[in-house]
Structure formats: structure tokens, C-alpha cells
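# Overview (structure and organization)
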Amino acid sequence: MSGGRTAGDPFTKEIVSSYLTSTVHEMVKTTARAAYSPTFSEGLDFSCALFDVSGRMVTQAAGLGVHLGALRPVMRKIFETYDDFAEGDVLLTNDPYTATHQADIVVARPVYYTGRFVGFAVNIGHWNDIGGMAAGGCCGTSTHVVQDGLIIPVCKLYSAGVLQREIREFILANVRYPKEAWGDLQSQIAACRTAEARLRSLADRYGLEVVLDGFDYAIDHARERFLAKMAAIPDGVYTAIDYIEDDGVTDREYPIRVAVTKRPGGFVVDFDGTAPQAPTPINSNYSCTSAAVYAGIIAIVDPLTPMNEGVFSLIDVRAPRGTIVNAQWPVSVFGDTFEMSKRASELMFRAFADAVPERVAAGGFSSGNNISARCVRDDGTDDTMWYYFQEGGQGARLRQDGNSAVYHWHGTPTNQPIEIWEHRYPVLFKKYALVADSGGAGTHRGGLGTVREVECLWDHFVSGLADRQRIAPWGLAGGCDAKPNRWAVVWQGEERLLKDAYGLASNSKFYAVPVKKGAVLVLESGGGGGFGDPLKRDRAAVIADLREGYISFESARRDYGLDSDDAGVSIVPDRSAPADTRSGGSRPLGSGRRS
């Protein structure tokens, strides 16, 4: 061991723990740089983690909370399936009732050091296509889990370093674009190999026992820190309710009820009274629901606590079987990461809003706004597909406005550049802008949503799986609700909601809608709810919002009581400002000036 370090040295423990964290961040960079699809390389819709030999998560990189929390049951399944591993193994699965949904592929590689099994490096990422009835998934009306894509049970793609060609060929024969799928898969494997190299280097420097002791330290430290931070949350029982607004077939609403019991030793989160599972993919499995709860509770207690087994063990999630938060075979759960992961995490905020208002935010746009399309050339000689998720507005907080144009706080995917899309797919972006008045009014204003207007250069067959288009994101403490999400199409100069244009049962859940070449899809995300009485908002902040185009004159007068001569100035719109910008600038609807 270097420098006489020992396993009991607290200084070395901290160094090792930090090294483990940097290792998973390097896994993220490796994945993004080696990936084929923009979902990986630009959107960063994947997550990385390290597990020990007993299947406990040791550390994770900033990724989707729903991915990382859902990896615990995956690792249990891996240990149940195989009782031995070998150096060079690569395991795969996308079991939708164990992990998240079929589109999220889990890659796990056992790590060895001088012949000794050390743990697992794991990467879970969203493939653009996994087969099924809809190109890119996102079929809002599927009624059986097998319609959503290929299901891969736990298996070894590589066994002791040897590729199992039959497994590879079977998987690639069941996806629409095998080159892209294989490329993204290799980027996931490369990330795991990066972790393996870094752990070996760490063991070379400090000795394996010190490294393993660092695993225990990381878990124990997270648990102790979380327990200490929990003391600031009053003990008690807290309740909340929210709704999935429809199932794609009917207008039926599905309530999600939760009762959270806070005790000195942890949290019990009970979803008793939640709606029975639906026939369409608005359901969630237990794994995904639990992961969303973990993210919400951690955000309230201490967002800086490392997310690992030390924290997960303090949160007991109880979700009745056969409900939309713990759905069972054969119903689809494809929408679990899209919708329930956002809704269940925000429910934690709503439950604790009165007890600790300084630790929560109002409701956000709270939908993945996931949409996919198969694109077909005029002569039918070529086709491709795209998959898209959209950023929106976050809820305001007690002392701060909500963030605008970011993915939901439960995950960390990034906004995908227009230039990449126009290079890869037959689309032309006519507009990318913030949506004025989309954030809920309040003492602190909700963040703004975005709008992308996308011209289809080939014929498209579009599928969608989203929500929050009828039930608006909620405000808190007197703050106003935000503008909800909205999808529409422009054809021959007329803009209509998709539901009206194509005779759909739902504007947010549908399958293979034929959108003709030249039509423009209008993809508009909602804002975040406001926090506090709008009439108490700082006048200078209202005027600044007006000048930047974040709010309209009508909203300034109606919601904030702003007079034209308020604060000694007269605000008039700058009619020379552009209506929008392709780069999504901060003045989407024009700016203002003093007169």
C-alpha cells in the first residue's frame, strides 16, 4: 500500500470515495463520446454506477434518478440468475418489470482485480428503438407489454470475453436500426471497461482491501449524512394526490395518492388508494416508482447526499400490486420513466409543501413529452426514425423563480441541438423559443416552457406518450398554475391540436399518426407553477420579465397589477424585435424598452 495507508485511515477513505465518484463521471464521458445516437451523445439519456459484490450501489454519476434507483432490483435479478461470473462477462437485460421499460438497456460488467471479484460497473441507457409496434417506442395506446418492444431477460452477451453471437444476432434482428443500436451498446460496454481500468489503477495504488473498505465507507457515509439531515424534517404523516389525466383511449383520470410517514429512522411512502393499473402504457412498475420516490425525498432532505444504498435503505416504498404504481403482467409500463417518474417525485414536494416550504418547489411541466416518428422518403426507398424528449419549465420556490427550458429535475438529460437533428433526420426547425406566459405567476414566477416547430421533410408516422396537457402544473402558497404542455400540427396554414386534426381520443397518447411532408409539428412544453401571491412580486422583477418577453402586457396587468406608469416608467413593446429565434434566445416574443 502506498505511503503506509491503511484501510482504517479516514483520509484515505475520503480519497478513495472521491476517486470512485470521478470514475463514474468518466464513464459518462466515455459513453457520450463513443455513442451513435443523439439520444446518448447529445441528450445524455443514460446513467452510470458502481455496485459491490453483494449488489449494493456504491456510487453513481449525475444521471436520471429513475435509472439509478431502478438498478437495485436489476442487480438482485442478476445475482438470482447467475451464481458465478468471469472476467470479461458482459450481462444485459431490459426486463420492464424489473428495471424501467424495454427502451432502457442495462449493461453490467463484473470487475476483477488479480483474479478476485470486486463488483460491477453498470450502464443503463435509452435506445432509440427496441422493436415493437412503434418506431422509437412511445406508442400511447399499446395494450400489452410485448407490443412495446423486445424483452431481454438477464443474459450474458459476452461470456469470459467471448461474444455470444446468437444473442447479438437475435437482438439486432428485432430492432429497426441495428447499426445504431449496436453502436450505443458498445459505448455502454466501453464505459464499463473504463470503470474496470480505473478501479484496477486505484487498487494498484492503495491495495484492494483499502478500495473495498472505501466501498463500505461511501455507503456508510451517505447513510449517516442522510440521517443527520433528516432531523430538519418534522416527524409526521403527509399526504398528497395528483392525476394522470387520461389513458389514451378514454378521458378517465387516474389518481395517484400517497401518504408519507416521516420518523427519526427514515421514511415510509405508501401509495394505498392509487388507481388500479390501466390498459395502456401510463403504468409504472414498482422499481420505477421507488426510484422516483428516492429522488423526491433526497431532494427535500439533502440534494448533496450521495445517492447509494446507504440512503435507499432508509426509504420504504409500499405500492399495492396491480395499481398504476406497481403494474403487473401483461400491461404496458413503457411510460413509467416518461410520466410516473416525474409525477411520483413531485408528489413528495406536494406532500411536504406546508411543513417545509423552503425545501420544495411548485409543480413543473412534469412530462417527458416523449414523441417518436418513422420517416419515409417520397418514393419509399428509404426510411429512418427519431425519438425526442422535450425540456420545459420548473416550478418556482420560496425564494427563487423556476428554471426555464430544462429537463425535469428528476433527471439530467440535456437539450438536443437543432443542428444535430437537421443533419441526422429529415426535419427543419422553423422555430425554437421560450413560451411567454407559460410560467405560473407568483411572488416567484414559474420557469418557462419551450416551443419547437418542426417541419417534416418526409412523410412521418408519429407516436406519442405524454401527459399534463389538460391538468396544469400546480402552484404553491397562492402561486398560480402554469400553462400545460401542448402538441399541434400546422397544415395548409391552419394550426390544430393533434387530437382534432386526426380524430384522436387523446392529444398526448397515440400511435402512428400520418403527418404529411410539409406539415409542421408544434411541440410546446408547459411551464412551472408559481410560488406565493403574484401581487407581492417585486415590481422591478415584473418589469424585467416584461422587457425580456417572459410575460405579456396582459399578464403584467392581470396577474401582477402592473400599471403602465408603475415604477415611474412606461413600458411599450419593441415591435422591431424578432418574434422568435432558431437558437432559442431569451427574447422569444420580442423585448421591451423604456419610452
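Note that this is a predicted model, so its numbers are computed, not measured. All chains use their own residue numbering, which begins from 1 and follows the written sequence. The model is predicted, so local features are restricted to residues of pLDDT at least 70 and side-chain atom pairs to those at 80 or more, both for listing and for counting; the totals for chains, interfaces and linings are taken over all residues. In computing side-chain values, all of the structure's heavy atoms are included and hydrogens and water are not.

## Focus on the overall build of the protein chain
Numbering of helices and strands runs from the N terminus, with a helix taken as a DSSP run of H or I at least four residues long and a strand as a DSSP run of E at least two residues long. Assigned secondary structure in the protein chain consists of 13 helices and 22 strands. For 595 residues, the compact-globule formula gives about 25 Å, and the C-alpha radius of gyration of the protein chain, at 24 Å, lands near that figure. Over its C-alpha atoms, taken along the principal directions, the protein chain stretches across nearly 75 × 65 × 45 Å. Expressed as a percentage of its 595 residues, the buried residues of the protein chain come to 59%. Accessible surface computed for the protein chain: about 21700 Å², of which carbon and sulfur atoms make up 50%. For the purpose of counting charges, residues Lys and Arg are taken to be positive, whereas Asp and Glu are taken to be negative. His and the chain ends are not included. For the purpose of locating charges, the reference atoms are NZ of Lys, CZ of Arg, CG of Asp and CD of Glu. Put simply, the protein chain has 61 plus and 72 minus side-chain charges, and the middle of one group is 2 Å from the middle of the other. Both definitions apply: the radius of gyration is a C-alpha atom measure, and the globule rule equals 2.2 Å times residues to the power 0.38. A simple rule labels every residue: compare its accessible area, found with a 1.4 Å probe on the protein chains alone, to the largest value its type can have, and call it buried under 20%, exposed over 50%, or partly exposed in between. Only the protein chains shown count as cover for residues, and the accessible areas themselves come from Shrake-Rupley with a 1.4 Å probe.

## Here's the deal with helix α7 (residues 286-301)
What a helix is expected to span follows from its residue count: subtract one and scale by 1.5 Å. Taking 1.5 Å as the rise per residue, α7 with 16 residues should run 22 Å; its terminal C-alpha atoms sit 22 Å apart, in good agreement. Taking burial as the measure, the 16 residues of α7 include 14 buried ones, the bulk of the element. Between N or O atoms, a polar contact is any pair within 3.5 Å; within protein, one atom must be a potential hydrogen donor and the other a potential acceptor, and residues adjacent in sequence are included only when both atoms are from side chains. For α7, the side-chain oxygen to backbone nitrogen distance between the N-cap and Ser287 is 3.2 Å, and the N-cap itself is Asn285.

## Quick notes on the pattern of salt bridges
For salt bridges, the criterion is a side-chain nitrogen of Lys or Arg within 4 Å of an Asp or Glu carboxyl oxygen. Evaluated as defined, the whole model comprises 34 salt bridges. Glu209 serves as the salt-bridge partner of Arg116, at 2.6 Å between the closest nitrogen and oxygen. Taken as a pair, Arg116 in strand β5 (residues 116-126) and Glu209 in helix α6 (residues 208-230) lie far apart in primary sequence, 93 residues in all. Of the residues examined, Arg116 reaches a relative accessible area of 40% and is grouped as partly exposed. Among the salt bridges present, the one from Arg343 reaches Glu339, with a minimum N-O distance of 3.8 Å. Residue Arg343 and its partner Glu339 are both found in helix α9 (residues 336-352); the two are separated by four residues, about one turn of the helix.

## Structural notes on the sheet that holds strand β9 (residues 254-263)
The strands making up a sheet associate through backbone hydrogen bonding, with each pair oriented either parallel or antiparallel. The rule for pairing is simple: two strands pair if DSSP sees at least two bridges between them. Pairing in this open sheet of four strands is mixed, and the strands run β8-β9-β10-β11 from one edge to the other. A single partner strand is all that each edge strand has here, and the edge strands are β8 (236-244) and β11 (315-318). Adjacent strand axes in the sheet meet at a mean angle of 15 degrees when their direction is disregarded. In the sheet, β8 pairs with β9 via nine bridges, with the strands oriented antiparallel. Bridge assignment links Val237 to a residue of β9, and that residue is Thr261. Only C-alpha atoms enter the line fits that serve as axes; for helices the fit covers just the stretch in contact. Angles between N-to-C directions range over 0 to 180 degrees.

## Section: unusual backbone geometry
Of note, the bond from Trp329 into Pro330 is cis; its omega dihedral lies within 30 degrees of zero at 10 degrees. Looking at where Pro330 falls in the secondary structure, it is placed in the loop between β11 and α9. The backbone phi angle of Leu44 is positive, close to 55 degrees, even though this residue is not glycine. Within the element layout of this structure, Leu44 appears in the loop between α2 (38-41) and β1 (46-52). Its identity as a non-glycine residue notwithstanding, Cys138 has a phi of 65 degrees, on the positive side. Note that Cys138 resides in the loop between β5 and β6 (155-159).

## Some remarks on the confidence of the model for the protein chain
For every residue, the pLDDT score states the predictor's confidence, bounded by 0 at the bottom and 100 at the top. Mean pLDDT over the protein chain: 91, with 92% of residues reaching 70 or higher. In this description, contact between two residues means that some pair of their heavy atoms is separated by no more than 4.5 Å. Below pLDDT 50 for its whole length, residues 1-5 participates in nine contacts with residues either more than four positions away or in separate chains. Between residues 573-595, whose pLDDT stays under 50, and residues either more than four places distant or in other chains, the model counts 51 contacts.

## Here we look at the side chain of Thr280
Its place among the elements puts Thr280 in the loop between β10 (266-270) and α7. A relative accessible area of 0% means that Thr280 is categorised as buried. Polar contacts involving the side chain of Thr280 include one to the main-chain carbonyl oxygen of Asp247, which spans 2.5 Å. Residues contacting Thr280, with those up to four places away along its chain left out, are Gly140, Thr141, Ser142, Thr143, Asp247, Val249 and Ser332.

## Quick look at the environment of Val406
Position of Val406 among the secondary structure elements: in the loop between β13 (383-388) and α10 (418-424). Its relative accessible area of 31% is what places Val406 among the partly exposed residues. Every residue in contact with Val406, bar those within four places of it in the chain, is listed here: Phe365, Glu391, Gly392, Gln394 and Asn415.

## Overview of the pairing of strand β3 (residues 90-93)
What you see with β3 is no split at all: Val90 and Leu92 on one side and Leu91 and Thr93 on the other are buried throughout. Direction of pairing for β3 relative to β6: antiparallel, over a ladder of three bridges. Looking at the pairing, Val90 lines up with Tyr158 of β6. Strand direction decides the pairing type here: β3 and strand β4 (residues 104-113), joined by three bridges, are antiparallel. Bridge pairing in β4 links Thr93 to Val106.

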